[in-house]
Amino acid sequence: MKTLSVCAYLRVVIQFKFDGLIKEKKSRQQLLLQKEAEAAFPLIDLDKDGIVTPEELMARKEFDSDGDGVVTAEDLKTRFGDDGAKDWDLETFAETLWYKMKYIFDSPEAAEEEKSEEESPEAQEVIPPTDEPVIEGEVDEEEEDFDEDVDDYIDETEVDVDGDDKTDNTSGEPMPEYDEETKKLIQAALEARRNFDEVEKQLKDVESDLSELDRYTKHDYGPKHEFLPLDKQCFEYSEREYIYKLCFYEKVTQRPKAGGGETSLGTWEKWDGPEGNRYGRMLFSSGVQCWNGPKRSAQVEVHCGLDNELLSASEPNRCEYHFTFTSPAVCDLPDDEAVMHDEL
């Protein structure tokens, strides 16, 4: 009970920090959007009259939606809807139009970052081909989780605010040198990006802490946490055809010695020992379904031993696996403590 109380307290503390970071992230995100808009506005406002017009938007080649090399009113409508036909001051531009165009706007910062990456030794390193097939349309998990409210318009890398790189990254045409005010706006946007990235990193760290704490409170590690050191540890047993792997509180798998991928024999469900010896058996369920049969499952008998070791593997019934594991963790596990733990 005491351990659970401490865990509950820690979760409240971490959750409070997490909620605060969420608010901070939203605040810095809004500031980032504002600073990005302020840096982009003078680059679009060609006559510097404080108003961005449709004609000035047409001067931006990246807004060409049909690829014919000419930006027309129809292109602006395709890109921005009715907003493409309006005039914008800085305030309304930052509030409405910038969010629609930031993902296609060719910023000088993005061009400089692309140039830096091409010149870096890492970019020139030849990556060996992979044996894994490329599936068209497949999306990486990290790309799925990418926050769409944040793009790579401005990166942490310092940019050429002095205007030394005078080549447009899309047309190859000369770019004007930035005045002092524009340079300051670009630096302010860079600082906003760094601040946002900082809080986003903190948020990911706290999310990881919450995940680990939830895992800790979810699993039963024994009355005195005897099995805690085994959490996430994996043990293998090799026999004639297969290599079996047991990962505590996670999964049991098998893979052919001749080569091939792993097959799930079950994921962690619970301690399933008889009364008075609860920690004498583990149950793993919901593995890969057998052909014309049930889903695979596994029972792991745990016995006292000097070492943590997976000693045997068998399949007494079709798609039902049995393993024997030894561990010093169960050698001094009194029955009365196990019963008391159940009652708590």
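No experiment lies behind these values; they were computed from the predicted model shown. (Residues numbered from 1 in each chain as written. Predicted model: local features only at pLDDT ≥ 70, side-chain atom pairs only at ≥ 80, totals over all residues. Heavy atoms only, no water.)

Moving on to the pairing of strand S2 (residues 242-247). Summarising burial for S2: five of the six residues are buried, a large majority. Two elements, strand S1 (residues 234-238) and S2, share five bridges in a ladder whose sense is antiparallel. From the neighbouring strand, Tyr-237 faces S2, where its bridge partner is Tyr-244. The antiparallel hairpin formed by S1 and S2 contains three residues in its connecting segment. Pairing between S2 and strand S3 (residues 251-256): six bridges, direction antiparallel. Pairing of Ile-243 across the sheet is with Arg-255, part of S3. Two successive antiparallel strands, S2 and S3, enclose a turn made up of three residues, where Tyr-249 displays a positive phi of approximately 60°. (Buried < 20%, exposed > 50% of the residue type's maximum accessible area, 1.4 Å probe, protein only. Helix = DSSP H or I, 4+ residues; strand = E, 2+ residues; numbered from the N terminus. Pairing = 2+ DSSP bridges.)

Quick look at the pairing of strand S7 (residues 309-317) now. Two faces, one strand: in a regular strand the side chains alternate between the faces of the sheet. In this structure, S7 lies alongside strand S8 (residues 320-327), joined through six bridges in antiparallel fashion. Following the sheet pairing, Leu-310 is matched in S8 by Phe-325. Connecting S7 to the next strand, S8, in antiparallel fashion are two residues, including Cys-319 with a positive phi near 70°.

Residues spaced three or four apart along an α-helix point in a common direction, a consequence of the helix completing one turn every 3.6 residues. Those residues of helix H3 (residues 73-80) that fall on the buried side of the exposure criterion are Asp-75, Leu-76 and Phe-80. Across the axial projection of H3, the buried residues extend over an arc of 105°, all falling on one side. Of the exposed residues in H3, the ones pointing more than 90 degrees away from its buried face are Glu-74 and Thr-78. As for H3, its buried residues are in contact with helix H2 (54-58) and helix H4 (90-101). (Arc of directions from axis to C-beta. Contact = heavy atoms within 4.5 Å.)

Taken together, the side chains of Asp-47, Asp-49, Glu-55 and Asp-87 make up a negatively charged region of the molecular surface. Following the sequence through the fold, Asp-49 ends up in the loop between helix H1 (2-44) and H2. (Patch = residues over 30% accessible without salt bridge, like charges linked within 9 Å, V, L, I, M, F, W, Y side chains within 5 Å. Areas by Shrake-Rupley, 256 points an atom, 1.4 Å probe, with all protein chains shown as cover. Salt bridge = Lys/Arg side-chain N within 4 Å of Asp/Glu carboxyl O. Lys, Arg positive; Asp, Glu negative; His and termini not counted. Charge placed at Lys NZ, Arg CZ, Asp CG, Glu CD.)

In spatial order, the strands read S1-S2-S3-S4-S5-S6-S8-S7; together these eight strands make up an open sheet with mixed pairing. Only two strands of the sheet have a single neighbouring strand rather than two, namely S1 and S7. On average, adjacent strands in this sheet sit at an angle of 25° to one another, irrespective of strand direction. (Axes fitted to C-alpha atoms, helices over the stretch in contact; angles between N-to-C directions.)

Our focus in this paragraph is unusual backbone geometry. One non-glycine residue with positive phi stands out, namely Lys-48, at about 55°. Mapping Lys-48 onto the fold places it in the loop between H1 and H2. Located in the positive-phi region is His-225, a residue other than glycine, with phi close to 60°. One can find His-225 in the loop between helix H8 (180-218) and S1. Residue classification places His-225 among the partly exposed residues on the basis of a relative accessible area of 27%.

This part is about the state of the cysteines. Enumeration over the complete set of coordinates arrives at three disulfides. Each sulfur in the disulfide pair Cys-234 and Cys-247 lies 2.0 Å from the other. Its S-S torsion of about 110° marks the bond between Cys-234 and Cys-247 as right-handed, since a negative value means left-handed. In this pair, Cys-234 sits in strand S1 while Cys-247 sits in strand S2, placing the two residues 13 residues apart along the sequence. The disulfide that involves Cys-304 links it to Cys-331, with 1.9 Å between the sulfurs. Measuring the twist about the S-S bond at about 100°, one finds the Cys-304-Cys-331 disulfide to be right-handed. Here the residue Cys-304 occupies a position in strand S6 (residues 297-304), and Cys-331 occupies one in the loop between S8 and helix H9 (335-343), the gap between them amounting to 27 residues. Once the bonded cysteines of the chain are numbered in order along the sequence, the disulfide links fall as 1-2, 3-5, 4-6. (Disulfide = S-S within 2.5 Å.)

With that settled, consider the pattern of salt bridges. Counted by the stated rule, this structure contains 15 salt bridges. With a shortest N-O distance of 3.6 Å, Glu-301 and Arg-281 are connected by a salt bridge. Residue Glu-301 is found in strand S6, and its partner Arg-281 is found in strand S5 (residues 281-285); the two are separated by 20 residues along the sequence. We classify Glu-301 as buried; its relative accessible area is 18%.

Below, the discussion takes up the packing of aromatic side chains. Per the counting criterion, the structure on display carries 19 aromatic pairs. An angle of 75° between the planes, with centres 5.7 Å apart, marks the rings of Trp-98 and Phe-105 as edge-to-face. On the basis of relative accessible area, Trp-98 is assigned to the buried category, the value being 0%. Summarising the aromatic geometry, the rings of Phe-235 and Phe-325 are spaced 5.0 Å apart at their centres and angled 65° between planes, so their arrangement reads as edge-to-face. One end of the pair, Phe-235, is in strand S1; the other, Phe-325, is in strand S8, with 90 residues separating them in the sequence. Residue Phe-235 shares its accessibility class with Phe-325, and that shared class is buried. (Phe/Tyr/Trp six-rings, centres within 6.5 Å; stacked < 30°, edge-to-face > 60°.)

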